[in-house]
Amino acid sequence: MSLTAKEQSTTQASPSPELIKAIPVRHPGRWVGAAIIVLVAAVGVQSLATNPNFHWDIFGLYVLDENVIRGVGWTLLLTVLSMAIAVTLAILLAFMRQSENPIYRWSSWFWVWFFRGTPVYTQLIFWGLVAVLYPKITFGVPFGPELLSLTTQDLLNAFWAAVLGLALNESAYLAEIFRAGLKSVDKGQIEAAEALGLRGTKIMWRIVLPQAMRIIVPPTGNETIGMLKTTSLVLAVPFTLDLTFVTNTLANRSYLPIPLLIVAAFWYLVVTSILMVGQHYIEKHYGKGIDTAARITVNPAALQAARATADPAPTTPTTEENDR
């Protein structure tokens, strides 16, 4: 039996349910922790500002010193060149590690084992002394006459020895990062691309690498920042134009090491911050469509207005409809 017209009008005129007035959960521990952090930060800032032993006047005198700026430039040049060579070698090593040729695989494994297993400082000392082992480098026919002979000291000066030592050491770490990124791509996608007739190079550049870069970029950014700070060890070559050596030299002249250490730390933090910004945008580029999620903001007033103008609630089904 169907509802009467009066009952239907009463049902349709029933008000919409009110919004739930949820009370957020209190977290007093968070506020206590935040207050402690703010207090410690305030005490630290006050100590930095009032302690005369920091010699902020010396910091202001040398932070923009010509020799310090030149040291920053040499440090950046060492970082860029070393990372460029290391990335190139790492890509080659990662492909060799996945090759079906056992000689390629074991050569790549040996490279990673050796350069990861020895300290970078020891490697830099070795490249600084390579001229002692090989005073001359000759080019010619194997077991035949020499066509060209060069002095090792002229060919491999302190700067290029530092670049080579840093690059070879870093290539071993990056090779494992790249290999992990390549293995993160499902093999089914490669098989599907091969079934469509795509060549190996196109599969690598169009399918594998764009997905692997999401795994490769973050640790590579960390390694780049690590490389920036590892350049402080090139004194072992010896290379004496980097930021750390310059600030140490100025500290020895002024007998005030603390403000000069702060100068070096300041410039390392500036360059590291710039590199982190660049890493953020590179990660954002390769994470399109995956790392971004739609954020929906609900306005309670708009939601209530929408409910007020919504269609009326459906009436109770009739007996005839229930029978159907």
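The rules we used
Counting restarts for each chain: residues are numbered from 1 in the order of the written sequence. Owing to the predicted nature of the model, reporting of local features is limited to residues with pLDDT of at least 70; listing and counting of side-chain atom pairs is limited to 80 or more, with chain, interface and lining totals taken over all residues. Based on all heavy atoms of the structure, the side-chain values leave hydrogens and waters out of the count. UniProt positions are given in the numbering used here, feature names are shortened, and annotations may be inferred rather than shown by experiment. Patch rule: a residue counts if its relative accessible area is over 30% and it has no salt bridge; like charges are joined within 9 Å, and nonpolar side chains (Val, Leu, Ile, Met, Phe, Trp, Tyr) within 5 Å. For every accessible area listed, the method is Shrake-Rupley and the probe measures 1.4 Å; residues are considered covered only by the protein chains on display. Whenever Lys or Arg places a side-chain nitrogen within 4 Å of a carboxyl oxygen from Asp or Glu, that contact is recorded as a salt bridge. Counting from the N terminus, the helices are DSSP H or I runs at least four residues long and the strands are E runs at least two residues long. Relative accessibility thresholds used throughout: buried, under 20% of the residue-type maximum; exposed, over 50%; partly exposed, between the two (1.4 Å probe, protein chains only). In summary, the charge assignment counts Lys and Arg as positive and Asp and Glu as negative, without counting His or the chain termini. Note: pLDDT gives the predictor's confidence per residue, expressed from 0 to 100. Only heavy atoms enter the contact rule, under which two residues are in contact if any of them lie within 4.5 Å. Classification of ring pairs uses Phe, Tyr and Trp, with its six-membered ring standing for Trp, and accepts pairs whose centres are within 6.5 Å; under 30 degrees between planes counts as stacked, over 60 as edge-to-face, and the remaining range as tilted. Every angle, taken between N-to-C directions, lies between 0 and 180 degrees, and every axis is a line fitted to C-alpha atoms, over only the stretch in contact when it is a helix. Each angle gets one of four labels, with under 35 degrees taken as roughly parallel, over 145 as roughly antiparallel, 65 to 115 as roughly perpendicular, and the rest as oblique. By definition, turning the near helix anticlockwise from the far helix through less than a right angle yields a left-handed crossing, and turning it clockwise yields a right-handed one. Think of it as three bins: nonpolar holds Ala, Val, Leu, Ile, Met, Phe, Trp, Tyr, Cys and Pro, charged holds Asp, Glu, Lys and Arg, and polar takes everything else, Gly as well. Multiplying 1.5 Å by the helix residue count minus one yields the expected span of that helix. Here the bend at a residue is taken as the angle between two axes, fitted respectively to the seven residues that end there and the seven that start there. Along the arc lie the directions from the helix axis toward the C-beta atoms.

- For the protein, an unreviewed UniProt entry supplies the name Polar amino acid transport system permease protein and the organism Arthrobacter bambusae.
- In its Sequence similarities (unreviewed entry) section, UniProt records this for the protein: "Belongs to the binding-protein-dependent transport system permease family."
- Recorded under Subcellular location (unreviewed entry), the UniProt text for the protein is reproduced unchanged: "Cell membrane".

What to know about a nonpolar patch on the surface
Right, so step 1: Taken together, the side chains of F139, V141, L147, L148, L150 and L155 define a hydrophobic patch exposed on the protein surface, amounting to about 550 Å² of accessible area.
Right, so step 2: Structurally, F139 can be placed in strand β1 (residues 136-140).

Points about the side chain of E170
Right, so step 1: Relative to the elements of secondary structure, E170 occurs in helix α9 (residues 158-183).
Right, so step 2: Within the buried core, E170 has no salt-bridge partner, and the shortest N-O distance to an opposite charge, that of R116, equals 11 Å.

Section: the UniProt feature "transmembrane region" (unreviewed entry) in the protein
Right, so step 1: Within the UniProt annotation, "transmembrane region" (unreviewed entry) is assigned to residues 31-49, 69-96, 108-135 and 257-278.
Right, so step 2: The span residues 31-49 shows a helical share of 100% and a strand share of 0%, and its end C-alpha atoms are spaced 27 Å apart.
Right, so step 3: Secondary structure content for residues 108-135 is 82% helix and 0% strand, while the C-alpha to C-alpha distance between its ends is 29 Å.

A closer look at the confidence of the model for the protein
Right, so step 1: Residues with a pLDDT of 70 or more make up 83% of the protein, whose mean pLDDT is 83.
Right, so step 2: Within the model, pLDDT remains below 50 along residues 292-298, and this stretch shows two contacts once partners closer than five positions in the same chain are excluded.
Right, so step 3: Segment residues 318-322: pLDDT under 50, and four contacts once partners within four positions in sequence are set aside and those in other chains are kept.

A short note on unusual backbone geometry
For residues other than glycine, phi is negative in most cases, and the peptide bonds are mostly trans.
Right, so step 1: With an omega dihedral of 10°, the bond running from V237 to P238 counts as a cis peptide bond.
Right, so step 2: Structurally, the position occupied by P238 is in the loop between α11 (200-230) and α12 (243-254).
Right, so step 3: Here H55, not a glycine, exhibits a phi torsion of approximately 55°, which is positive.
Right, so step 4: Take H55: it is sitting in the loop between α2 (28-50) and α3 (56-62).
Right, so step 5: The class of H55 is partly exposed, set by a relative accessible area of 27%.
Right, so step 6: The backbone of Y255 shows a phi angle near 55°, a positive value even though the residue is not glycine.
Right, so step 7: Following the sequence through the fold, Y255 ends up in the loop between α12 and α13 (257-286).

Here we look at the packing of aromatic side chains
Right, so step 1: Counting across every chain of the model gives 15 aromatic pairs.
Right, so step 2: With 5.5 Å between their ring centres and 80° between their planes, W56 and F59 make a pair best called edge-to-face. Separated by three residues within a single helix, W56 and F59 lie in helix α3, roughly one turn from each other.
Right, so step 3: Look at F159 and W160: their rings are 5.2 Å apart centre to centre, the planes differ by 75°, and that puts the pair in the edge-to-face class.
Right, so step 4: Judged by its relative accessible area of 11%, F159 is buried.
Right, so step 5: The class for W160 is partly exposed, based on a relative accessible area of 41%.
Right, so step 6: An aromatic cluster of three or more residues is present, and its members are W106, W109, F110, W111, W113, F114 and F115.

Quick word on the environment of A172
Right, so step 1: Mapped onto the fold, A172 is located in helix α9.
Right, so step 2: Using a relative accessible area of 0% as the deciding quantity, one classes A172 as buried.
Right, so step 3: On a C-alpha basis, the gap between A172 and V112 in space is 4.5 Å, while along the polypeptide they are 60 residues apart.
Right, so step 4: Residues contacting A172, with those up to four places away along its chain left out, are W111, V112, F115 and R116.

Some details on the packing of helix α4 (residues 66-97) against α11
Right, so step 1: Where α4 contacts α11, the two axes come as close as 12 Å, and the packing angle between them is 140°. Put simply, α4 runs oblique to α11. Between α4 and α11 the crossing geometry is right-handed. In this structure, α4 uses T75, L76, T79, S82, M83 and F95 to contact α11, whose residues at the interface are M204, T220, E223, T224, M227 and L228.
Right, so step 2: Residue classes in the contact of α4 with α11 are distributed as six nonpolar, five polar and one charged.

Structural notes on the packing of α11 against α13
Right, so step 1: Taken N-terminus to C-terminus, the directions of α11 and α13 make an angle of 175°; their axes are 10 Å apart at the nearest point. Put simply, α11 runs roughly antiparallel to α13. Between α11 and α13, the contacting residues are P210, M213, R214, V217, P218, G221, N222, T224, I225, L228 and K229 on the first element and Y268, V271, T272, L275, M276, Q279, I282, E283 and Y286 on the second.
Right, so step 2: When its residues are assigned to classes, the contact of α11 with α13 shows 12 nonpolar, five polar and three charged.

Details of α11
Right, so step 1: For α11, which comprises 31 residues, the first-to-last C-alpha distance of 37 Å sits more than 12% below the rise-based estimate of 45 Å (1.5 Å per residue).
Right, so step 2: The largest bend in α11 is about 45°, located at L209, with the proline P210 one to four residues further on.

Let's talk about helix α6 (residues 120-128)
Right, so step 1: For α6, the complete set of buried residues consists of V120, Q123, L124 and W127. For α6, the arc enclosing every buried residue in end-on projection is 100°, short of the 170-degree limit, so these residues lie on one face.

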